[in-house]
Amino acid sequence: MTDRPLWTVEAMAAAMGATPAGPQPLSIPGISIDTRTVVPGEAFFAIKGDNRDGHEFVEAALAAGAGVAVVASDRRGRFPDHAPLLVVPDVLDGLRELARAARARTRAKIIAVTGSVGKTSTKEALRLTLAPDGETHASIASYNNHWGVPLSLARCPASARYAVFEMGMNHAGEIEPLARLVRPHVAIITTVEPVHLEFFGSLEAIADAKAEIFRGLEAGGAAVINRDNPQFARLRRHAQDAGVDRIVSFGEHVEADARLIKSSLLPDCSAVQARILGADLTYKLGAPGRHMVHNSLAALAAAALVGADLALAGLALAQLRPASGRGTRITLDTGDGEALLIDESYNANPASMAAALNVLGSAAVGPHGRRIAVLGDMLELGPTSPALHRGLNEAIKVNHIDLVYCCGPLMRNLWDALSTGKRGGYADSSAGLEAQAVAAIRAGDAIMIKGSLGSKMKTIVSALEKRFPGKTAHDEAAV
């Protein structure tokens, strides 16, 4: 890493066509949109979100030490003359222009990741695999939308050797402008699954929307596509139509370019043997689950394509951990022993639910322990939603889940399909299910909690952590 500033204020103003007002710092170390995490000297962008307008927080950002605030010209009058401001016609447009300037100045090899599931874990795997080979910049959290991508790109240091960006969408037409902004050298589509089906109507339409990422590829760039996915041929055709010369596939298929040869799935990690673009590689993956194994193939293929050291990349994957709310493991102290909580509360869809149930099925339990799934509604699935919820029963059977707690009107479809012996409890909402779930836990249990964000399953995670204070697997590793 470098101690050099992220941007000079002069360069920022030029890129955005901004008018300076008040005393200006010479440079900024970073960019913030959140007063809770702003670092002294950073530029605060007053972006208007779905619920709040960032201009309401400019004074708080400056009081917290922000070096300058980027504000809209029609809001300039709200702030005193001595406030350090960069005034632009529109703050989000200004951020996009700064992102374009960041892309123009960087010499980093850039990888973009999209897909119905696995975007964030693949991005984090890439962050790990590329870092041993050179300075690596990657978007934080799930900053993958119309403001998250330009923010992440604008934050890219000029000195970065590699950069990784995640791209998400709910509707057709959202990926292409992000891809054209980032202009990646490698574009990954992790998989195509029935996610946001309500807005598309078919898996083919979802594949078409994901394939927009290929339209932003740099000349000579590569597409990395899941060979095992039923939409592979369609995605490959989209890449060809976009003029992509190199198309690389990954998966278990015998023709996959990054091919899984063998894996050993353990409760908290996996051992993997693979052939990555002709090179044999054996590595340990620090996060459990077959879906994580498949995503690691995509990450290694992309790392090889941008010239990173493949041996170092494979070694780095031992450090991979589930992101917050995406499989984080927490040890609960029940008083007379311990229970395992697997926090999958960040979001849910049929594919990620099946993957999470598979991980729960492989989790170790105590002598009298049970595998317990606490599940909330999967949203935005359209008319097929009842059938997709009922369909989870198969994964529950296959993975020998002992008890299932359900909440929400959609998850009622699964509840009705469960055998009587597997029914733990049902409620209309996560708040209503909270007490039942907390009361059920005993020493030796493994509990997995998952649902769409709108299902608010994090409340049950928080209730369990409060009732049975414990520690995360990350904390344990540090002891």
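Refer to the preceding data block for the structure.
Computed from a prediction, not measured in an experiment: that's the story for all the values here.

Draft legend 1. Representation of helix H15 (residues 430-440). All of the buried residues in H15 are Ser-430, Leu-433, Ala-437, Val-438 and Ala-440. Mapping the buried residues of H15 onto a view down its axis gives an arc of 150°, with all of them on the same face. Along H15, the residues that are exposed and aim more than 90 degrees away from the buried face are Ala-431, Ala-435 and Ala-439. On its buried side, H15 packs onto strand E19 (371-376), strand E20 (403-407), strand E21 (423-427) and helix H16 (458-467).

Draft legend 2. Just the sheet that holds strand E14 (residues 258-265), in detail. Ordered by their spatial adjacency, nine strands build an open sheet running E9-E10-E8-E11-E12-E13-E14-E15-E16, and the pairing between neighbours is mixed. Among the strands making up the open sheet, the edge pair consists of strand E9 (136-138) and strand E16 (279-285). Between one strand axis and the next, the sheet turns by 15° as a mean value, whatever way the strands run. Sheet analysis places E14 next to strand E15 (residues 270-276), joined by seven bridges and oriented antiparallel. Within E15, the position partnered with Leu-265 by the bridge is Ser-270.

Draft legend 3. Representation of the packing of helix H4 (residues 119-130) against helix H9 (residues 290-305) within the structure. Closest axis-to-axis distance for the H4/H9 pair is 9 Å, and the angle between their directions is 45°. Classified by the angle their axes make, H4 and H9 are oblique. Between H4 and H9 lies a crossing whose hand is right-handed. Contacts between H4 and H9 involve Ser-121, Thr-122, Ala-125, Leu-126, Thr-129 and Leu-130 from the first element and Met-292, Asn-295, Ala-299, Leu-300, Ala-302 and Ala-303 from the second. A breakdown of the residues in the contact of H4 with H9 according to their chemical character gives eight nonpolar, four polar and no charged.

Draft legend 4. Fine view of the sheet that holds strand E6 (residues 68-72). What the five strands build is an open sheet, ordered E2-E7-E6-E5-E4; its pairing is mixed. Whereas interior strands pair on both sides, the edge strands pair on one side only; in this sheet they are strand E2 (19-21) and strand E4 (31-32). In this structure, E4 lies alongside strand E5 (residues 43-45), joined through two bridges in parallel fashion. Along E5, the bridge assignment pairs Ser-32 with Phe-44. The sheet strands contacting helix H1 (residues 9-16) are E5, E6 and strand E7 (85-88), and the helix crosses E7 at an angle near 10°.

Draft legend 5. View of the nonpolar core. With 59 residues, the main nonpolar core has Met-12, Phe-45 and Phe-214 as its most contacted residues. When residues of this core are assigned to their parent elements, the largest contribution, six residues, is made by helix H3 (residues 91-105). The contact partners of Phe-45, leaving out residues within four places of it in the chain, are Met-12, Met-16, Ile-31, Ser-32, Ile-33, Val-70, Val-91, Leu-95 and Leu-98.

Analysis parameters
- Residues numbered from 1 in each chain as written.
- Predicted model: local features only at pLDDT ≥ 70, side-chain atom pairs only at ≥ 80, totals over all residues.
- Heavy atoms only, no water.
- Buried < 20%, exposed > 50% of the residue type's maximum accessible area, 1.4 Å probe, protein only.
- Helix = DSSP H or I, 4+ residues; strand = E, 2+ residues; numbered from the N terminus.
- Arc of directions from axis to C-beta.
- Contact = heavy atoms within 4.5 Å.
- Pairing = 2+ DSSP bridges.
- Axes fitted to C-alpha atoms, helices over the stretch in contact; angles between N-to-C directions.
- Parallel < 35°, antiparallel > 145°, perpendicular 65-115°, else oblique.
- Left-handed = near helix turned anticlockwise from the far one by under 90°.
- Nonpolar A, V, L, I, M, F, W, Y, C, P; charged D, E, K, R; others polar.
- Core = buried A, V, L, I, M, F, W, Y, C linked by side-chain atoms within 4.5 Å.

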